Amino acid sequence: MSFWPLFPKSDYVKNLELHAHLNGSLSRSTLKALGCLDNTIGTYQTVETNLDDVFSLFQVAHKATRTIDNLLYATRKVIEEFADDNVIYLELRTTPRSEEGMSTEEYIETVVKAVRSVGSGKILVKLLLSLDRRRSMEKQEEVLDLIIGYKDKYPDLIKGVDLSGDPSKGAFFKQVFEKARKHGLYTAIHCAEVKNDEEVKDIIEFKPDRLGHGTFIHPQYGGSLNIWEVYKQKEIPVECCLTSNVICKTSKSYKQHHVQEWIKESLPFCLSTDDKGVFNTSLSKEFQVVQENFNLTQEELWKISKNSVEYSFASPEEKQFLIFELEQWRNKNIPNR
Ligand code: 6MZ
């Protein structure tokens, strides 16, 4: 049974998006509006790719968002597009950077301004600021200090720190994330997107609030029994990004995606788009893919959304509101459960 025809667009299951990189989420139409030519976007959103190619594609978006005006426009568009896809809560993450004519501080302020300017009635947005794992420990700490300052300035908006960037390069520095935690920031760390047992073990033992991807943890998917056992004791929610993993070829196919182990063992996970622009996906599509490949009922899909509330970095009052919204939706759309 397909998820698609059951609900008209306005009735898709209401969703929470917890793993979306701003610049990877720029749609084709936004890139075009920002002056990207067809032939550069043409290489964007292709199925025949791998992690290396994807990382070179981010430069297309980075070029498009190198001015304050463009960044403002792009951020608003990304939020509106998620809202149009029935996302009621979005945690958007982005790597603060400077460009000629835009300081790192202006970058962060612009993203904050964009979030504030999008009507709050339809979608609740929080920000995570990313540290690039390719940077040295000193550089990561320098950016973290800046983030701590902004978290104090915008405590209801800037909620956490993410570690991302090319997973085959750079490193996780525990002391940087210990400092983030000490300053009241939530931590979401990309983990096991490629095989790297030693680092994966260090990250899991640190026990971040959430893990990104978690591909090479389970022994059947290139991880190890030992790491899996440690993971199962910690039960850290994993942000699963199926289309991203399949396109980057870190997962062999949707059917062979590691999310099924989390489903089977009732371990915590959420579904995410990662880079909806680069991978030409949407959160509804990710839900559809999971429904079709693992035969989940509407009620089971709804529970994935509901559990995501718990894993989110929203305040207790906001969580209560989100649960209320989801329950309203369920009462209307899945009456005979
Ligand atoms: C790791 C990723 C990623 O921060 O400029 N990023 N890091 N794995 C992934 N899986 C495919 N997808 C995106 O958005 C783009 C940046 O997000 C990180 C990379 O550092 C990329 O440059 P922002 O808004």
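Preceding block: the structure.
The written sequence of each chain sets the order in which its residues are numbered from 1. With the structure being a predicted model, the display of local features is reserved for residues of pLDDT at least 70 and the display and counting of side-chain atom pairs for 80 or more, all residues being used for whole-chain, interface and lining totals. Side-chain measures were taken over the full set of non-hydrogen atoms in the model, leaving aside hydrogen atoms and water.

## Observations regarding the pairing of strand β1 (residues 15-21)
- For every residue, the accessible area obtained with a 1.4 Å probe (protein chains only) is divided by the maximum for its type, and the residue is called buried under 20%, exposed over 50%, and partly exposed between those limits. A run of DSSP states H or I qualifies as a helix once it reaches four residues; a run of E qualifies as a strand once it reaches two. Both are numbered from the N-terminal end. Among the seven residues of β1, seven are classified as buried, and the element is accordingly described as predominantly covered.
- Bridge count between β1 and strand β2 (residues 87-94): five bridges; the pairing is parallel. Bridge pairing in β2 places A20 opposite L92. Whether two strands pair comes down to DSSP finding at least two bridges between them.

## Description of the site of the ligand
- Consider each residue's heavy atoms; a residue with any of them within 4 Å of a molecule or strand counts as near. Around the ligand there are 19 residues in total, and H62, T94, T95, E193 and D275 lie nearest to it.
- Under the rule applied, a polar contact is a pair of N or O atoms within 3.5 Å (in protein, one hydrogen donor and one hydrogen acceptor; residues adjacent in sequence only if both atoms are side-chain atoms). Contacts to the ligand include N23, whose side-chain N or O atom sits 2.9 Å from an oxygen atom.
- Between the ligand and D275 there is a distance of 2.7 Å, counted from a nitrogen atom to a side-chain nitrogen or oxygen.
- Working definition of accessibility: Shrake-Rupley area with a 1.4 Å probe, residue cover restricted to the visible protein chains. Within the complex, 98% of the 510 Å² of free accessible area of the ligand lies under protein.
- Element by element, the count of residues in the shell around the ligand is highest for helix α4 (residues 51-64), at three residues.
- A breakdown of the residues in the shell around the ligand according to their chemical character gives four nonpolar, eleven polar and four charged. Gly counts as polar in this scheme, as do all residues outside two lists: the nonpolar Ala, Val, Leu, Ile, Met, Phe, Trp, Tyr, Cys and Pro, and the charged Asp, Glu, Lys and Arg.

## Examining the pattern of salt bridges
- Here, a salt bridge means any Lys or Arg side-chain nitrogen found within 4 Å of an Asp or Glu carboxyl oxygen. Scanning all chains against the criterion turns up 24 salt bridges.
- For K153, the salt bridge is made with E109, and the minimal N-O distance between the two is 2.6 Å. Of the two residues, K153 sits in helix α7 (residues 137-153) while E109 sits in helix α6 (residues 104-117), which places them 44 residues apart along the sequence.
- With a relative accessible area of 48%, K153 lands in the partly exposed category.
- E265 serves as the salt-bridge partner of K232, at 3.1 Å between the closest nitrogen and oxygen. Placement of K232 in helix α10 (residues 225-234) and of E265 in the loop between α12 (259-264) and β8 (269-271) is noted, with a sequence separation of 33 residues between them.
- Looking at K232, the relative accessible area reads 26%, which means it is partly exposed.
- E265 gets classed as partly exposed once you look at its relative accessible area, which sits at 35%.
- Salt bridges sharing common partners tie together E91, R93, D162, R210 and E239.

## Quick notes on the sheet that holds strand β6 (residues 210-213)
- Pairing is parallel across the open sheet formed by eight strands, whose spatial order is β1-β2-β3-β4-β5-β6-β7-β8. Looking at strand neighbours, the two that pair on one side only are β1 and β8, the edges of this open sheet. Taking each pair of neighbouring strands and ignoring which way they run, the sheet shows an average axis angle of 25°.
- Strand direction decides the pairing type here: strand β7 (residues 238-240) and β8, joined by three bridges, are parallel. Directly across from V238, in β8, lies its bridge partner F269.
- By definition, residues are in contact when any of their heavy atoms lie within 4.5 Å. Axis angles are defined between N-to-C directions and span 0 to 180 degrees, where every axis is a line fitted to C-alpha atoms and, for a helix, only to the segment in contact. Contacts from α6 reach β2, β3 (124-132) and β4 (158-164) within the one sheet, and its direction differs from that of β3 by about 160°.

## Looking at the packing of helix α14 (residues 298-311) against helix α15 (residues 316-333)
- It is the contact of α14 with α15, at a shortest axis distance of 9 Å, that shows an interaxial angle of 170°. Between α14 and α15, the angle falls in the class roughly antiparallel. Only K319, L322, I323, L326, E327, W329 and R330 of α15 make contact with α14, whose side of the interface consists of E299, W302, S305, K306, V309 and E310.
- In terms of residue class, the contact of α14 with α15 is made up of six nonpolar, one polar and six charged. In these notes the angle categories are as follows: under 35 degrees is roughly parallel, over 145 is roughly antiparallel, 65 to 115 is roughly perpendicular, and the rest is oblique.

These figures capture arrangement, not role.
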